[in-house]
Each structure stands twice: as structure tokens, then as C-alpha cells.
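As a plain string of letters, each chain reads:
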Amino acid sequence: MSLSFDPDKVTLPVGHFIGGKLIVAEGAIEMRRPSDGKAYAGCPVAGADMVDRAVASARAALKASNWGGVRPRGRTRALQAWADLIEAEAETLAKIEALCSTRPVGQLVAGDIAITAEQIRFFAEFADKEGSELVPTDDATLGMIVSESYGVVGAITPWNFPISMAGWKLGPALAAGNAVVLKPSEMTPFSAVYMAELAVRAGLPVGLINVVLGDGPTTGTALTGHPEIAKVSFTGSTRAGSAIMENVARTGVKPMTLELGGKSPQIVFADADLDKAAMAIAGSVTFNAGQACVAGTRLIVERGVADRLTAAVLERMKAARPGPTWDETTQYSPVISERQRSRIDSIVRAAVEAGGECLTGGSAMDSPGYFYQPTLIANVDQSNPAIIEEIFGPVLTVQTFETEEEALTLSSHPTYGLASGLFTSDLSRTIRLARKLEAGTVWVNRYSRSRDHILPTGGYKGSGIGKDLGREAYLANRRTKSVLISL
């Protein structure tokens, strides 16, 4: 069965989802399809009153259902049923997201949606396997560390992987016994609304998941600063993360998890499998047109093999087939908006003006929509804009080194430390450099996440605070208290 579809025949859930119901609202923000630039809908903007209504709904659902206090296996089963329904409704969910976003429908069904369902099941299993513990004390006392849910978690997700990011936030928070008020990006809001609808159909308590649509300054500020939001979880740019920290500090004190920007290096030594390296490097830049916080956009290669590797990367970068997101054969995505495409182009031009050499690409594609050519820039130093800026587009730089020390120096970024790649056949070097690289994730002889959800993700420096995924994400949605009982 073909997954390709007519983009003009997709029904969208335009509105907020509060208390188990779709609240239809007028679209205040014009939305255009990245694949052809056509205006197709408007995104409503929830003000402080609507956010307050969503938080009240979440609090009421927690009290009525005792979600955080029920037998943990009950939470597990409910979340597993939700994951099953997400898989069953994958085609509908994929069409909603592909229409709005940069994610091709074929990749959504085979990748994003299937993996999100797996991740929800993964977190569901923590509900009855992680909890309080007894700690050593003397014979006259009993010491306990008691684990409990926060209450209502406020979550904000970005536009680049809407379904996946919603799963990252909702899965661990719900498994840990919390309710969630989620604000998806105003550029890609509707798949999150449909996921919330599916949760109610799957049997989760009504009001446990509420979705408010809107922008950062209005809706995001109201959500993160709300006095009854007990914990904040955000994925997005470092600039936006800093604004959230400021808003939380101004309106109160609460814990937060921030998964922010990156400018990740990929270091290749001469003893590496260069064909494997070329495939991974090119793929990390062309996948979703480089619109991923972990995209490995800085190639740092040993000088003796630089020409050979660069040629292989160029060949693979050029091979990705562009097309609209509603065509299941599409391999290469558009950029999210004309504004973002212009920003990418301005940084590329500034990089060339600063001495960089554009080996391929370097301009927008002559086609409908917001497509930008896969671009590779050589002859750049550490002060070049293409090295400094998180471009968030299909732009790769290449630099060369002769020693490990030089490679490490080039890999270090003054702002970011999210992910890094290392390609070598030397095990001792692998262990040595994995310890020294300033990044929250180090991939060796690959550059991608796997379906092994136990590995957390999160960065150093300006790339964030705390972790998503893994056991750490579940624990980040629980708080602890110490109890000491005299016997």
C-alpha cells in the first residue's frame, strides 16, 4: 500500500486539546507547507487564560484518577495500550505530520512513529521497576528515600521531529506518574494534538495530557512561568532555553530539563573505514536536511586521507533525492520555512566571504518549497561563521589535522557540547578520546542514535541541562524525600 497522499485532502485537528476535548480555535499564525510554500492553516495562540485552563485540567485529572498513586503496573498497561494505538494509527498520524513538517511520510511510518511507540513502551516498564529504597541506618531507625511524582509537568517541543519529541517528553513524565501540559512548536503543532486524542482513546485518564498551541513569547512564557507547573522540560535552541531559564527564575523556582543546540564534530582518523565514515557523515547532514540538534556538521579529518574522504562524502551528499514530504520515495527534506532558508544562506555566504571554499551547493534549490542544496565548505578556521554558528541546515564544513591533540582542539566549541563522532579502528585511541571529547554523546564508527532507548541524550556547556531518554529521563520526572523513622 502506498503511503503517498494528496496534501490538500488531509484533515487537521486545529485547536487546543484540554480535558479530553478539542477546543477549536482561530489560527492566528499563518502556516505554510515546507514542501511547496503553500499556506494551508493557521496555528492558534493560547494566552495565559487558556494555559491556566490546561493546567487546571491536568491537576483535576491527577486528583480524580490518582494517576501517580495507582498500582504502577496500571500505568504501564495504559501507556502500552497508547503505544499500540499510535502504531495502529501510524498512517493518519504520518499524514498530519508530513503535511506540516520537514519529515517525509515514508520515514515517519518506518522511523519516527515506530520508534516513538517503542520509547513509550520502554518508559512504561519503568513504572513498576523504579521506586523508593531502604538505606542503611542503625538498628533503632529505618531510613528510606521515597520517590514520588512532581504533579504537572510543562513540556515544550521543537518543530524538527514533532512526534519523536512529543514522545520524549510525554513517555517518561506519564510513566513517572505526572500529568503533562505540552506546547508543540507553532510550525508543527497538529500531530501532538492527535497523539493526545489517541491517548484518551487508549484509556489514559481524561485530562492527563493537555496540548496548548501557540508561540514562545505568549504561550511558552505563560506555561513555563505558571505557578502550578512543577517541572519544565524543553527541547529547542540554546537562545530559547536561556529565555526559559530567565522566565522560571523570575516567576519562581522549579527544576528543568533543557536539551538545546549543538555544533557537533566528526573526527576521522586515517585508520578508519572511510566508506563507512563517508556514509555516516553525509547521512548526518542530509537527514532531515541537517535540521537536527545533533547533526554532525563539522568534519575534522586526518590530512593524509582528507581528499579521499571529502570526495566520498560529496558523492553521497549529492545522491539524496529531494521531494515533497507527502511522497513516500522522498529522501531529502525541505527546510522548515523561507525565513530559516534565508538564514542558512546568509551564514553560507558569510562563511565564503570569510575565506571558505564552497565545494558543492551553497544556494537554495530552484524548486517549489524551501529546499536548500546540500553544502560542503572547506578552508575554514575556528573563527569562520560556518564553524561558530549552529546553522540548522544541510551545511558541512571540513577541516584537517595531523595529531590527536590538534583534532581535539578543533573539535572543542566555545558554546556547544551536545554530540560528537569518532571514526578509528584503534581501540586505545577510542577510549582515550571518548573520555576527552566535550560532549554528552560520543558515537564511534557511526553517527546516529539506535533503538536502544536506555542511552540518555543531553549536552555539555550551552547544549543543555539534564537528560532525555534513558533511565535518567524517568528519574528526572520523579522527586525524592528522605524519611527517617525511630523504631
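Chemist: Explanation requested: the overall build of the protein in the structure shown.
Modeler: Looking only at helices and strands, one finds 15 helices and 22 strands in the protein. With the C-alpha coordinates of the protein rotated into their principal frame, the extents come out at 70 × 65 × 45 Å. Evaluated residue by residue, the protein yields a buried proportion of 57% over its 487 residues. In the protein, the proportion of contacts linking residues at least 24 apart, taken out of those at least 6 apart, comes to 74%. Charge separation in the protein, taken as the distance between the mean sites of 48 positive and 52 negative side-chain charges, equals 4 Å.

Chemist: Would you mind going over the sheet that holds strand E12 (residues 265-268) with me for this structure?
Modeler: Strand pairing in a sheet is mediated by backbone hydrogen bonds. Such pairs are either parallel or antiparallel. Read across the open sheet, the seven strands follow the order E14-E15-E16-E13-E12-E18-E19; overall the sheet is mixed. Edge positions in the sheet fall to strand E14 (357-360) and strand E19 (441-444), since each of these pairs with one other strand and no more. With direction set aside, neighbouring strand axes in the sheet form an average angle of 25°. In terms of strand pairing, strand E18 (residues 419-423) meets E19 through four bridges, oriented parallel. Looking at E19, one finds that Ser420 is bridged to Val442. Where helix H13 (residues 404-411) meets the sheet, its contacts fall on E12, strand E13 (298-302) and strand E16 (395-401), and the angle it forms with E16 comes to roughly 150°.

Chemist: For this particular structure, what's the right way to read the side chain of Thr441?
Modeler: For Thr441, the position within the fold is in strand E19. What makes Thr441 buried here is its relative accessible area of 13%. Beyond its immediate chain neighbours, meaning those up to four positions away, Thr441 contacts Leu418, Ala419, Ser420, Pro456, Thr457 and Gly458.

Chemist: For this particular structure, what's the right way to read the nonpolar core?
Modeler: Membership of the largest hydrophobic core comes to 89 residues, with the highest contact counts inside it found for Trp82, Leu174, Leu204 and Ile209. A per-element tally of this core places helix H6 (residues 190-202) first, with nine residues. Ile209 has contacts with Phe17, Trp82, Leu170, Leu174, Val180, Ala196, Ala199 and Leu204, leaving out every residue within four places of it along the chain.

Chemist: Would you mind showing me how to read the environment of Phe122 here?
Modeler: With respect to the helices and strands, Phe122 occurs in helix H4 (residues 105-124). Sequence separation of Phe122 and Ser412 is 290 residues, and the distance between their C-alpha atoms is 33 Å. Setting aside chain neighbours within four positions, we find Phe122 in contact with His453, Ile454 and Gly470.

Chemist: In this structure, what is going on with the side chain of Thr235? I would like to understand it.
Modeler: Counting through the fold element by element, Thr235 comes out in strand E10 (residues 231-235). Overall, Thr235 belongs to the buried group, its relative accessible area being 4%. A distance of 2.8 Å separates the side chain of Thr235 from the side chain of Lys169, its partner in a polar contact. If near-sequence neighbours (up to four positions away) are discounted, Thr235 is found in contact with Ile156, Thr157, Pro158, Met165, Lys169, Glu259 and Asp468.

Chemist: Help me understand the pattern of salt bridges, please; the structure alone is not making it clear to me.
Modeler: Side chains that differ in charge, positive against negative, can pair when their charged atoms come close. Tallying each qualifying case throughout the model produces 29 salt bridges. Two residues, Arg73 and Glu125, come together in a salt bridge whose shortest N-O distance is 3.1 Å. Placement of the pair is Arg73 in helix H2 (residues 72-88) and Glu125 in the loop between H4 and strand E5 (133-135), with a sequence separation of 52 residues. On the accessibility criterion, Arg73 (27% relative accessible area) is partly exposed. Residue Glu125 is classed as partly exposed on the basis of its relative accessible area, which comes to 25%.

Chemist: Hey, could you run me through the pairing of E10 in this one?
Modeler: Each regular strand carries side chains that alternate between the two faces of the sheet. Taking burial as the measure, the five residues of E10 include five buried ones, the bulk of the element. Residues Lys231, Ser233 and Thr235 point to one face of E10 and Val232 and Phe234 to the other, with burial holding for every one of them. As defined by bridge partners, strand E7 (residues 152-156) adjoins E10 across four bridges and the pair is classed as parallel. Bridge pairing links Ala155 to Ser233 in E10. Both E10 and strand E11 (residues 256-259) contribute to a ladder of four bridges, which runs parallel. The residue of E11 that forms the bridge with Thr235 is Glu259. Viewed along the sheet, the connection from E10 through helix H8 (residues 238-251) into E11 turns out right-handed.

Chemist: Where do I start with helix H1 (residues 48-65) in this structure?
Modeler: Given 3.6 residues to a turn, an α-helix orients residues that are three or four positions apart in the same direction. Counted at 1.5 Å a residue, the expected span for H1 with its 18 residues is 26 Å, and the 26 Å between its end C-alpha atoms agrees. For H1, the full list of buried residues reads Met50, Val51, Ala54, Val55, Ser57, Ala58, Ala61 and Leu62. For H1, the arc enclosing every buried residue in end-on projection is 155°, short of the 170-degree limit, so these residues lie on one face. Across H1 from its buried face, at more than 90 degrees, point the exposed residues Ala48, Asp49, Lys63 and Ala64.

Chemist: Could you clarify how one ought to interpret the packing of helix H3 (residues 90-100) against H4 in this entry?
Modeler: Packed helices, taken two at a time, are described by the angle their axes make and the gap between the axes. Between H3 and H4, whose axes approach to 9 Å, the crossing angle comes to 120°. When the interaxial angle is binned, H3 and H4 end up oblique. Pair H3 / H4 crosses with right-handed handedness. When H3 is examined against H4, the residues Ala90, Leu93, Ala94, Glu97 and Ala98 are found in contact with a partner set consisting of Val105, Leu108, Val109, Asp112 and Ile113. Looking at the contact of H3 with H4 residue by residue, the class counts come to eight nonpolar, no polar and two charged.

Chemist: Help me understand unusual backbone geometry in this model?
Modeler: Peptide bonds are mostly trans, and most non-glycine residues show a negative phi. Positioned with a positive phi, Asn445 is a non-glycine residue whose angle comes to about 55°. You can see Asn445 is positioned in the loop between E19 and strand E20 (460-461). The backbone phi angle of Leu469 is positive, close to 65°, even though this residue is not glycine. Since its relative accessible area comes to 4%, Leu469 is described here as buried.

Scoring rules and cut-offs
Residues numbered from 1 in each chain as written. Predicted model: local features only at pLDDT ≥ 70, side-chain atom pairs only at ≥ 80, totals over all residues. Heavy atoms only, no water. Helix = DSSP H or I, 4+ residues; strand = E, 2+ residues; numbered from the N terminus. Buried < 20%, exposed > 50% of the residue type's maximum accessible area, 1.4 Å probe, protein only. Contact = heavy atoms within 4.5 Å. Lys, Arg positive; Asp, Glu negative; His and termini not counted. Charge placed at Lys NZ, Arg CZ, Asp CG, Glu CD. Pairing = 2+ DSSP bridges. Axes fitted to C-alpha atoms, helices over the stretch in contact; angles between N-to-C directions. Core = buried A, V, L, I, M, F, W, Y, C linked by side-chain atoms within 4.5 Å. Polar contact = N/O pair within 3.5 Å; in protein donor to acceptor, adjacent residues only side chain to side chain. Salt bridge = Lys/Arg side-chain N within 4 Å of Asp/Glu carboxyl O. Right-handed = clockwise from strand over helix to strand, strands pointing away. Expected span 1.5 Å × (residues − 1). Arc of directions from axis to C-beta. Parallel < 35°, antiparallel > 145°, perpendicular 65-115°, else oblique. Left-handed = near helix turned anticlockwise from the far one by under 90°. Nonpolar A, V, L, I, M, F, W, Y, C, P; charged D, E, K, R; others polar.

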